[in-house]
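The chain contents come next:
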Amino acid sequence: MPTTYDAIVIGAGISGLYSTYRLRERGLSVHGFEAGSDVGGTWYWNRYPGCRFDSESYTYQYSFSKELFEEWQWSEHFASQPEIERYVHYVADKFDLKRHYDFDARVKTVHFDDADRMWTVTAEDGRSARARFIVAGTGLLSAFQLPDYPGVHDFAGLTVHTARWPKEGIDVSGKRVGIIGSGPTAVQVIQSIAPEVGHLTVFQRTANWCTPLRNRPITAEEQRDLTAHAAEIIDHCKQTFAGFMHDMDPRASTEVASKEERWAKYQDLYERGGFALWFANYNDLFTNRAFAEEVSEFLAEKIRQRVKDPATAEKLIPKNHPYGTKRPPGEKDFYEAFNRDNVDLVDLRATPISRITAAGVETSEQLYELDILIYATGFQSLTGELLRIDIRGEGGLALADKWADGPRTNLGVQFAGFPNFFATMGPHHPATFCNITRCAETTVDWIVDCIDYIRAHGYTSIQPTPEAEEAWTRHCYDSSKGLIIDEMRDSWFFGNNNPENKGVPRFLLWAGSVSEFHQVYRDVAAAGYRGFEFR
Ligand code: NA7
């Protein structure tokens, strides 16, 4: 008979670890399941070359412990994966969180028992536990995807997805390497390995608007300043649109009559780095196509300046979406990589991949022979990490069936028919467009307060009312209307590569601001968890 706990946490990443910490602090017995061999979540799996934050390090860290906050110092403005992984270990060790987890335990089933209203969680290897409450800290970009090209498993060389990069690394020196994908991950990999490989072929389906990250070491003086203002920085992030430290300009671009003045601002933001151009720009960037296209024109000019071969530069300039409609990759010398003799760019719109063969990648034009094939092809975004688990609620209702026509949630945190099941970062969760830790802490605090409320009132369970779920779901699907992204629907925000969408992308985020998200969560709790029913 499996051991029974008050709560089971799935995942030992940023939100899972914090859930474990908070639940234990409130006196609940907690057990965790983690597919990886150790803590870290995203920062455990994504250990590919060049992996680093695109949030400023000090805006991403946990803020729940003053001591932790004061102890940890980042070495760079945008820390790299090894440092981030060290940080997550530091947190887990400091708060003695690892002992609660089964590691190497990928969850296979999460089933609700109608008789005693308890959940049973079972891992692939049969390890199992029961609990009244489930907190799924399974992330939003965890279920990695390979394309469905014919022969995808036929390649005789080394195949690797960036989200499964081996711990011991891969020796790319002198090798013929191919990479499929051109999102933020691919950009980080390409600029890192280009100087090392024998030859690199980049297979690009959609060019992206990449902007300089401007990473650099944190100087002693900067550190003193950051330490002095650490709490203020975090508080400030909670007031901004997406939880980063950048403030949108209070003006719309249309209020600035002179193109020279607007252009000077783009240049300033381009110099500032991080997401400044995205989140500190004029406030109509997401709604005014002409303005987004002007910023695109500014960036296209930069690409033409940086890439020597005009034909390659044109391929690297996005033609199907303006700036700001996809998450813009941060880069250092990504564009300069294409000036190297050992790097080639293949435009998959002009010459699509026909199949993967034992020798390499075959396009409509030619076969590219390779030693190593890297897939930087992203994730079954937002839904994949939950749908890949067999989750069954009341009456055996399968989550996959409930979501057959798209996800349905209340506040992104609970699903009707799945009592006491909480997701920290699923679809339609307001936190998914956020600087993750900033919103994960709020979400977990909300969940843990809610569990406290249930226990304090002698209830056994909570789940959304069907009406509230319908209203939130409709609200989220509608929230992209009027935004430029809605005209394209071609990023992971819409699950554009998610198989369950069957080619009909749906908006999987909530297009509100971080401060609105905090308000919505506060209001619902203050109104006795309006839109949820207790038993
Ligand atoms: P993304 O941003 O989802 O990018 C995936 C990339 O892979 C993107 O360029 C896709 O092109 C490409 N892709 C996906 N499927 C295919 C196929 N079948 N053929 C060719 N190319 C393909 O994932 P990332 O890992 O880069 O970044 C994820 C997030 O992590 C990012 O937003 C940051 O928050 C960190 P497409 O654009 O679909 O044409």
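Residues numbered from 1 in each chain as written. Predicted model: local features only at pLDDT ≥ 70, side-chain atom pairs only at ≥ 80, totals over all residues. Heavy atoms only, no water.

Quick look at the overall build of the protein
Item 1. Along the protein, the regular secondary structure elements total 18 helices and 20 strands.
Item 2. The C-alpha radius of gyration of the protein comes to 23 Å, within 12% of the 24 Å expected for a compact globule of 535 residues.
Item 3. By its C-alpha atoms, the protein is 70 × 55 × 45 Å across when sized along the principal axes.
Item 4. A total of 535 residues make up the protein; the buried ones form 60% of that total.
Item 5. Of the side chains in the protein, 57 bear a positive and 75 a negative charge, and the two mean positions are spaced by 1 Å. (Helix = DSSP H or I, 4+ residues; strand = E, 2+ residues; numbered from the N terminus. Rg over C-alpha atoms; globule rule 2.2 N^0.38 Å. Buried < 20%, exposed > 50% of the residue type's maximum accessible area, 1.4 Å probe, protein only. Lys, Arg positive; Asp, Glu negative; His and termini not counted. Charge placed at Lys NZ, Arg CZ, Asp CG, Glu CD.)

Examining the site of the ligand
Item 1. As a matter of local geometry, the ligand sits amid 22 residues, with Tyr149, Thr185, Arg205, Thr206 and Arg327 nearest to it.
Item 2. Within the backbone of glycine 183, one N or O atom sits 3.3 Å away from an oxygen atom of the ligand.
Item 3. Alone, the ligand offers 780 Å² of accessible surface; in the complex the protein occludes 86% of this.
Item 4. By residue class, the composition of the shell around the ligand is nine nonpolar, nine polar and four charged. (Near = heavy atom within 4 Å. Polar contact = N/O pair within 3.5 Å; in protein donor to acceptor, adjacent residues only side chain to side chain. Areas by Shrake-Rupley, 256 points an atom, 1.4 Å probe, with all protein chains shown as cover. Nonpolar A, V, L, I, M, F, W, Y, C, P; charged D, E, K, R; others polar.)

Structural notes on the pairing of strand 6 (residues 128-136)
Item 1. Counting buried residues along strand 6, seven of its nine residues qualify, which places the element largely inside the surrounding structure.
Item 2. Note: strand 1 (residues 3-10) against strand 6, seven bridges, orientation parallel. Bridge pairing links alanine 7 to phenylalanine 133 in strand 6.
Item 3. Here strand 5 (residues 118-123) pairs with strand 6 via four bridges, running antiparallel. Bridge pairing links valine 121 to alanine 129 in strand 6.
Item 4. The antiparallel hairpin formed by strand 5 and strand 6 contains four residues in its connecting segment, where glycine 126 sits at a positive phi of about 95°.
Item 5. Bridge analysis of strand 6 against strand 18 (residues 421-423) gives three bridges, and the strand direction is parallel. The residue bridging alanine 136 from the neighbouring strand is alanine 423, located in strand 18. (Pairing = 2+ DSSP bridges.)

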